[in-house]
Amino acid sequence: VAGLEEEKEELAEVVDFLKDPGKYTRLGARIPKGIILVGPPGTGKTYRTAKYAVAICDKLSLEEVDEWEYKNVLKRYNELKEEKRVVFTTFHQSYGYEEFIEGIKPELDDDNNVIYKVESGLFKKFCKTAGKSHVDIGTSNTDGYKATGNERLWCVLLGEKEDENLKGQCYDNNEIRIGWPESPKFINQDTEGLGSNNRRSLLYFQDDMKKGDYVVVRSSSTEIDGFGLITGDYEYDDSNREYPRKRQVKWIHKGSPIDIFELNGNTNMDRKTVYALDRVDVNKLVQLVPGANVTVEKRPHVFVIDEINRGNISKIFGELITLIESTKRNGAEEAMEVVLPYSGDLFSVPNNVYILGTMNTADRSIALMDTALRRRFGFVEMMPDVSLLDGVNIVDNSVSVNIGQMLRVINERITFLYDREHTIG
């Protein structure tokens, strides 16, 4: 009974939101996690998605965001895209489940043989990112800083046998270093004299590591004795001739060993110079740091689908037909997971993911959408607002034409002779 009352309350708030979206001063958990902006072409649906995304991610009202200059909305929107809290895609006729959730893709191995791997699609990757927590870390070694939850974790071997002198230099100078002084300062896939493993380590260090990623320093097969935030781009600094390749690091922890065997899936670490330690959850690792003060929260993420009705929605969404329901989201009382067909991974949609779509009613009616999917979205109608052109006049040979009034009359005729979904925006 309690669950039924909660669902009634949620439905009432959803209906209230659709009647007056700007009324809400905070976009909280009860606002629809699936919203589609619908209307004829040219009514500003895609334009409006940026405002919705900013309002959702920053927990503001639409009225507040409407007061911003649009250039400021776009600036914040692009910042959220950089943080990977907003992703934008467009559906089309050839878009499929493989691009959206997961599929099997061919690629070449080191010997130029074709191999097939399961590759995650855009939405699955997005959900993995959204499912990570935003972490505020304060330790005795730092003044504290913010992480986005999107960082990769790298494992570095300082010296061939955990060189203590090199470690001491790196810890004292806030850096990490690797060798290969005989190779060019910048290498690529065609650089000669490198084996495949060495080349891969160098390219990871040179190209794949990013500022904001984390790094751990291996001390044994199960332990690390350094953990830090990468703060600098790749440098070649031969002040240490044996280990000239360098990146700056802000150390969170250094010195005493931390056992990460369990966090690493009960697996020993490799003796590779550089590789991604993808099994380890950074959010759990920071909690093992002595003296760490950790605050964890999951922030809203927005997945924008432009022209959502142009794709075969049932085919693209697959299991999401069930998983995007608010009551089935990860963290909800009736949360559900499905086993994905290619990878066999368990998959669920995090509760902090909002799906924001646009739909051109001139191309396809809402009535033609899959009913199971249609009832999982709230629809916000965006019709032409001809009042924006009132007072705009074109004068030719002393004849003045009111553009707003002209468009109003044209749209009235289109509505009468055809339908309102084909009016001009």
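The notes below deal with the structure included here. (Residues numbered from 1 in each chain as written. Predicted model: local features only at pLDDT ≥ 70, side-chain atom pairs only at ≥ 80, totals over all residues. Heavy atoms only, no water.)

## Re the overall build of the protein
For the protein, the helix and strand inventory stands at 13 helices and 21 strands. Taken across its 425 residues, the protein has 45% of its residues classed as buried. Approximately 21,900 Å² of the protein is accessible, and the part contributed by carbon and sulfur atoms is 47%. (Helix = DSSP H or I, 4+ residues; strand = E, 2+ residues; numbered from the N terminus. Buried < 20%, exposed > 50% of the residue type's maximum accessible area, 1.4 Å probe, protein only. Areas by Shrake-Rupley, 256 points an atom, 1.4 Å probe, with all protein chains shown as cover.)

## Concerning unusual backbone geometry
In this structure, Lys84 takes a positive phi of about 65° despite not being glycine. The topology assignment puts Lys84 in the loop between helix 4 (70-82) and strand 2 (86-90). Although it is not a glycine, Asn266 sits at a positive phi angle of roughly 55°. Relative to the assigned elements, Asn266 resides in the loop between strand 12 (245-259) and strand 13 (274-276).

## Overview of the packing of aromatic side chains
Applying the stated criterion across every chain, the model contains 16 aromatic pairs. With a centroid separation of 6.2 Å and 65° between ring planes, the pair formed by Tyr95 and Phe100 is classed as edge-to-face. A single burial state applies to Tyr95 and to Phe100, both of which are buried. Ring centres of Phe100 and Phe317 lie 5.3 Å apart, and the angle between their planes is 35°; on these two criteria the pair is classed as tilted. Note that Phe100 is positioned in helix 5 (residues 97-100) and Phe317 in helix 10 (residues 313-317), a separation of 217 residues in sequence. (Phe/Tyr/Trp six-rings, centres within 6.5 Å; stacked < 30°, edge-to-face > 60°.)

## Thoughts on the sheet that holds strand 18 (residues 353-360)
Strand order in the open sheet formed by 5 strands is 2-15-18-1-19, with parallel pairing between adjacent strands. For this open sheet the edge positions go to strand 2 and strand 19 (378-381), each flanked by a neighbour on one side alone. With strand direction ignored, the average angle separating the axes of adjacent strands in the sheet is 20°. Bridge analysis of strand 15 (residues 301-306) against strand 18 gives 5 bridges, and the strand direction is parallel. Each residue of the ladder has a partner; that of His301, found in strand 18, is Val353. Across the sheet, helix 2 (residues 45-58) is in contact with strand 1 (34-39), strand 2, strand 15, strand 18 and strand 19; its angle to strand 18 comes to roughly 165°. (Pairing = 2+ DSSP bridges. Axes fitted to C-alpha atoms, helices over the stretch in contact; angles between N-to-C directions. Contact = heavy atoms within 4.5 Å.)

## Let's talk about the nonpolar core
Among the nonpolar cores identified, the biggest contains 31 residues, and Phe100, Phe123, Phe317, Leu320 and Phe347 are the most heavily contacted of them. Once residues within four sequence positions are removed from consideration, Leu320 is found in contact with Phe100, Ile101, Phe123, Phe347 and Val349. In terms of nonpolar packing, the next biggest core, distinct from the first, is built from 24 residues, Trp154, Ile187, Val217 and Trp251 among them. (Core = buried A, V, L, I, M, F, W, Y, C linked by side-chain atoms within 4.5 Å.)

## Considering the environment of Glu325
Relative to the assigned elements, Glu325 resides in the loop between helix 11 (320-323) and strand 16 (338-339). Residue Glu325 is classed as buried on the basis of its relative accessible area, which comes to 18%. Between the C-alpha atoms of Glu325 and Pro32, which are 293 residues apart in sequence, the distance is 9.5 Å. If near-sequence neighbours (up to four positions away) are discounted, Glu325 is found in contact with Arg375 and Arg376.

## Overview of the side chain of His301
Among the structural elements, His301 can be located in strand 15. Setting aside its immediate chain neighbours within four residues, His301 contacts Lys84, Arg85, Phe126, Thr129, Ala130, Asn352, Val353 and Tyr354.

## Re the packing of helix 2 against helix 4
Pairs of packed helices are described in terms of their axes, by the angle between the two and the distance that separates them. Closest axis-to-axis distance for the helix 2/helix 4 pair is 9 Å, and the angle between their directions is 60°. Between helix 2 and helix 4 lies a crossing of left-handed hand. For the pair helix 2 and helix 4, contact is made by Tyr47, Ala50, Lys51, Ala53, Val54, Cys57 and Asp58 and by Tyr70, Val73, Leu74, Arg76, Tyr77 and Leu80, respectively. Looking at the contact of helix 2 with helix 4 residue by residue, the class counts come to 10 nonpolar, no polar and 3 charged. (Left-handed = near helix turned anticlockwise from the far one by under 90°. Nonpolar A, V, L, I, M, F, W, Y, C, P; charged D, E, K, R; others polar.)

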